[in-house]
Amino acid sequence: MISFILMVNKQGQTRLAQYYNYMTISERATLEGELVRKCLSRTENQCSFLEHHQFKVIYRRYASLYFIVGLEEEDVNELSYLEFIHNLVETLDKYFENVCELDIMFNIEKAHFALDEMVMNGSIFETNKATILGQIYALDKAN
Amino acid sequence: MSKSATDVIKGLRKGKIDRTAFLTTVYSEIREEVKSPDLATKTNAIRKLFILALEGYDMEWASFHILEVMSSQKFSQKHSGLLAASQCFKPNSDILFLATNFFRRELVANNTIDTCIAINTLACIVNADMSKELLNDCVTLLNASKPILRKKVCVLFYKLFLQYPDGLVICFERLAEKLRDESPGVVMGTVNTIYELSRLNPAFVLFTAQALYEILNTTTNNFVLIKLIKLFVELAKVEPRLLKKLSGPFIRILTSNPAKSVEFEVIRAICAVFPESEDMLRIILQKLPGFLDSHDPNCKFYIVKYLGLVVLHKLIQINRDYAEEYRIFIMEALQSKDVTIRLRALELIKITTTNKSLIETIKNLLIEVEKPINAGIKEELISTCLYLLSLNQYELVEDFKWMFEVLLQIVNFKTSIHEAQLSSIMLDVVLRVEELREEACELSLNALEIFDTLKSEKCEALTALLFIIGEFSNYFSEGNLIKALSLVTKPRWELLNFHESVYNALSSCVFKIFIRAKEDGVFKACVKKLEENSVQIEHMESQERSLLYLNILTTSDKEKLNFVLKPFLPIHPSAQSLIFPPDALQQNFIVNDDELFTTKSDGTLEYHYYREEDFGDIQMTDQEKKAAKLKIKEKQMQDPYYIKPKKGKKKKGKKSKKLEGKVEEIKETAEVVKEEEIKKPEAPKKYSVNRAEPLIPS
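Residues numbered from 1 in each chain as written. Chains lettered and ligands numbered in written order. Predicted model: local features only at pLDDT ≥ 70, side-chain atom pairs only at ≥ 80, totals over all residues. Heavy atoms only, no water.

J.: What is the right way to read the overall build of chain B from this model?
T.: Looking only at helices and strands, one finds 34 helices and 2 strands in chain B. In chain B, buried positions account for 47% of the 698 residues. For chain B, restricting intrachain contacts to residue pairs at least 6 apart in sequence, the fraction spanning at least 24 positions comes to 65%. Accessible surface, chain B: about 38,000 Å² in total, of which carbon and sulfur atoms supply 54%. (Helix = DSSP H or I, 4+ residues; strand = E, 2+ residues; numbered from the N terminus. Buried < 20%, exposed > 50% of the residue type's maximum accessible area, 1.4 Å probe, protein only. Contact = heavy atoms within 4.5 Å. Areas by Shrake-Rupley, 256 points an atom, 1.4 Å probe, with all protein chains shown as cover.)

J.: Explain the sheet that holds strand β3 (residues 49–52) of chain A here, please?
T.: Hydrogen bonding along the main chain pairs the strands of a sheet, whether they run parallel or antiparallel. Residues and elements named next belong to chain A. As summarised here, the arrangement of the 5 strands in space is β2-β1-β5-β4-β3, forming an open sheet in which the pairing is antiparallel. Looking at strand neighbours, the two that pair on one side only are β2 (14–19) and β3, the edges of this open sheet. Ignoring strand direction, the axes of neighbouring strands in this sheet form an average angle of 20°. Sheet analysis places β3 next to strand β4 (residues 55–62), joined by 4 bridges and oriented antiparallel. By the bridge assignment, F49 is partnered in β4 with I58. Where helix α1 (residues 25–40) meets the sheet, it contacts β1 (2–9), β2, β3, β4 and β5 (65–71), and its direction lies at approximately 140° from that of β3. (Pairing = 2+ DSSP bridges. Axes fitted to C-alpha atoms, helices over the stretch in contact; angles between N-to-C directions.)

J.: Help me understand the pairing of β5(A), please; the structure alone is not making it clear to me.
T.: For a regular strand, side chains alternate in direction, first toward one face of the sheet and then toward the other. Residues and elements named next belong to chain A. Extensive coverage of β5 is indicated by the burial of 7 of its 7 residues. Judged by which residues are buried, β5 turns out to be covered on both faces: L65, F67, V69 and L71 on one side and Y66, I68 and G70 on the other are all buried. Where β1 meets β5, 7 bridges bridge the pair, whose relative direction is antiparallel. Counted as the bridge partner of V8 is Y66 from β5. Note: β4 against β5, 7 bridges, orientation antiparallel. Counted as the bridge partner of R60 is F67 from β5. Between the end of β4 and the start of β5, which pair antiparallel, lie 2 residues, with A63 showing a positive phi angle near 50°.

J.: Please clarify how the pattern of salt bridges should be interpreted in this entry.
T.: Close approach of charged atoms allows side chains of opposite charge to pair. Across all of its chains, the model carries 26 salt bridges over all chains by this definition. Put simply, B:K42 and B:E68 hold a salt bridge, and the shortest N to O gap is 2.5 Å. Linking B:K42 in helix α3 (residues 39–54) with B:E68 in helix α4 (residues 63–70), this pair joins segments that are 26 residues apart in sequence. Residue classification places B:E68 among the partly exposed residues on the basis of a relative accessible area of 34%. For B:E265, the salt bridge is made with B:R268, and the minimal N-O distance between the two is 3.4 Å. Taken as a pair, B:E265 and B:R268 lie in helix α16 (residues 260–273) at a separation of 3 residues, close to a single helical turn. Within the structure, one salt-bridge network assembled from shared partners comprises A:E73, B:E196 and B:R199. (Salt bridge = Lys/Arg side-chain N within 4 Å of Asp/Glu carboxyl O.)

J.: For this particular structure, what's the right way to read the nonpolar core?
T.: As a rule of thumb, nonpolar side chains are buried together in soluble globular proteins. Ranked by size, the top nonpolar core spans 154 residues in total, and within it A:F84, B:F103 and B:F157 carry the most contacts. Residue contributions to this core peak at 11 residues, all from helix α14 (residues 222–238) of chain B. Once residues within four sequence positions are removed from consideration, A:F84 is found in contact with A:I5, A:V69, A:L115, A:M118, A:V119, A:I124 and B:F223. Ranked by size, the runner-up nonpolar core spans 95 residues in total, among them B:I330, B:A333, B:V369 and B:C509. (Core = buried A, V, L, I, M, F, W, Y, C linked by side-chain atoms within 4.5 Å.)

J.: Any chance you could explain empty space enclosed by the protein here in plain terms?
T.: Left-over empty space is what a probe sized like a water molecule reveals as it rolls over the atoms. One pass over the structure, following the stated rule, counts 6 cavities of 30 Å³ or more. Taken as a whole, the largest cavity spans an internal volume of roughly 180 Å³. Lining the largest cavity are 17 residues; nearest its centre among them are A:S80, A:Y81, B:I226, B:K227 and B:K230. Elements with a contribution of two residues or more to the lining of the largest cavity: α2 (78–96) and β7 (123–124) of chain A together with α11 (184–200) and α14 of chain B. A class-by-class count of the residues in the lining of the largest cavity yields 8 nonpolar, 5 polar and 4 charged. The space that makes up the second largest cavity amounts to roughly 130 Å³. In terms of lining, the second largest cavity is formed by A:T14, A:R15, A:I104, A:M105, A:I108, B:I9, B:L12, B:R13, B:I51, B:L54 and B:E55. Among the secondary structure elements, those contributing two or more residues to the lining of the second largest cavity are β2 and α3 (101–106) of chain A together with α1 (5–13) and α3 of chain B. Ranked by residue count, the leading element in the lining of the second largest cavity is α1(B), at 3 residues. Along the lines of polarity and charge, the residues of the lining of the second largest cavity split into 7 nonpolar, 1 polar and 3 charged. (1 Å grid on protein atoms, 1.4 Å probe; cavity = no way out; pocket = protein on both sides within 12 Å on 5 of 7 lines; lining within 4 Å. Points joined across faces, edges and corners; volume = space filled by probe spheres on them. Nonpolar A, V, L, I, M, F, W, Y, C, P; charged D, E, K, R; others polar.)

Just distances and angles here, no functional claims.
Next comes the structure, spelled out in structure tokens:
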């Protein structure tokens, strides 16, 4: 079960934060800051898995944005979460056409919605890009 | 003109403005705006507040306003409200009561997209009461015509069950039916829920095994496959008969599926569930080099290497023979540039070292400790060294002199958390291994020459070394004895203000050395030192001891003090049984000669004070016994120190009020400590970022 999914940029500004276990605002701010610092200090050639307090953290950098997934379990299949992150980015890419950080900043609600279509309760329940995109288009129509 | 959310973002991006000032202005504007009766303005305020939440501003005070926005008829307003709600409604807040009706309306609404966003938010905030109320509506949704809704509600069920477990029993069968749904999305959602439930109670979901097995054999979705493999591992723990059926599919998946993540999951499952199976292990061993040496461009080298190490760890736990083949590989991994891999390698070293490889392993570990790159994991490295040395009572060590030298080397690294363990190992090993004592004394003496550098918080290492040279001073040659004496009588000891235990050890060391040497010159030096100690050292206990030893030395007959020279020896655990109890400790000692209590027919306890059997060998008639009992009873009643057990039913779970008060105290202080500790993290380095750069380069 995923505990949180974050999109944080290199300067430590959070662009999107979804927590699946309740944490107070100050805890969240500390967590996000510490994680981005840890990610920044690692090079390209090192593996994308970290341990931070009781969390197992999987991250990947896309241009200026770090996509971070944190879990509180034993026996995590880290590679599958890397694939999930890539799936998420590809979905956003297809919708926004060459997505960049600005797109996420100005369309935060849509980004949240896309994420909610893929993950609920900390479980990944949909990976089919076509289905997810269909939902986002339906959202656009309703607006 | 009030700003829109987009304006806020643009405002934050402008280079030269003061962020905090800007944000504060926006925040105060929002506080005004949100009270407006016009829904559009309110929604605008909520949207801006949402952006501020990402900067760390609290949203909770606006809960009621958010609820109003949520209830709007207009879709975009509803969407903004629900999104804000999912971020800020606390799990136990009162606002949720008010929201329940709203959600109930949404769940039965005809509009798919409305229900979707409602479910999204519900999954984040639902609590026990809401869960109970909304359960029936969710069950109805299970049969909705749109697969999207069915899928979402299946996943939602897990959260509902967590909050309201009684609902589980009622609805679970309906949920399990969805495993055979035509839409693959719904199936995936159901599998997810069942997996999470199986981690809590595998027996409960066991009846779905048949359907799950079919999905295992037919699905092409890797995520579903991984979840199912994990699920079956949970189920196999309670139903061993499943194992036979699982071996086929596992082998098929392992050999045919190209995805490394799935391979990894199957290997992990096999290690957990089929630890003895030879064919399985053979296949895994074929796959293992694929992980360890991979140059696969899709997965970066180091990522895969990390996983290979995890798998290796599991395999070696199963069968130690594999350790030999991979030793060199593990040593290389220890020198990898990636700290995560180094930590994994340490774990492997702990389980693969044998007595032949111990010396080389420790040598490598100590070299690693000195490298600056390992500053972060210095403590783990030293812990591993100590663990290996003391494993199973030094099973791996063949040369104890070498081991002692290693321990002294570690002392010089000055890691304070290991000192206690280190000193206890040193003492233990010198006590137990007789051949070591002479060399240990000499080595300790050399180490003590630089005693001023060994100062630490509790100085355990120093105390241990002093003990060794004092206790085993009879192994010293004459020359060394003089050397030892001059070392411990140096005036520098008092000047350096060590921990109390060091001065205690020092005085007894001086004392023992004298007993060993017995010459007049030595005697005078010892007396002088003890006199100094008794005056100059601050600690009262140390002064007392010095005076005590001084007294013994100056007043008693030196021949009688020879007993001090007898060495400490370890005692075998079964030694106690070889000692017979003295006659004074009678076997049939009457403490209480009756049943302590009996349970009456209505369940209460009746306390007595005496036991029949204890009258034992003494020949008495019943009358005499009764009289004797009464006599003893009277005596006990009058004895003020006799603790009488309380009569009557024992109530379980009754805490004393005092304890409850203390628990409250501790809870409060714990929170206070936590708040103090959360400091603001330092801002990361400034990087120039191009926010318009596409995330996936074309």
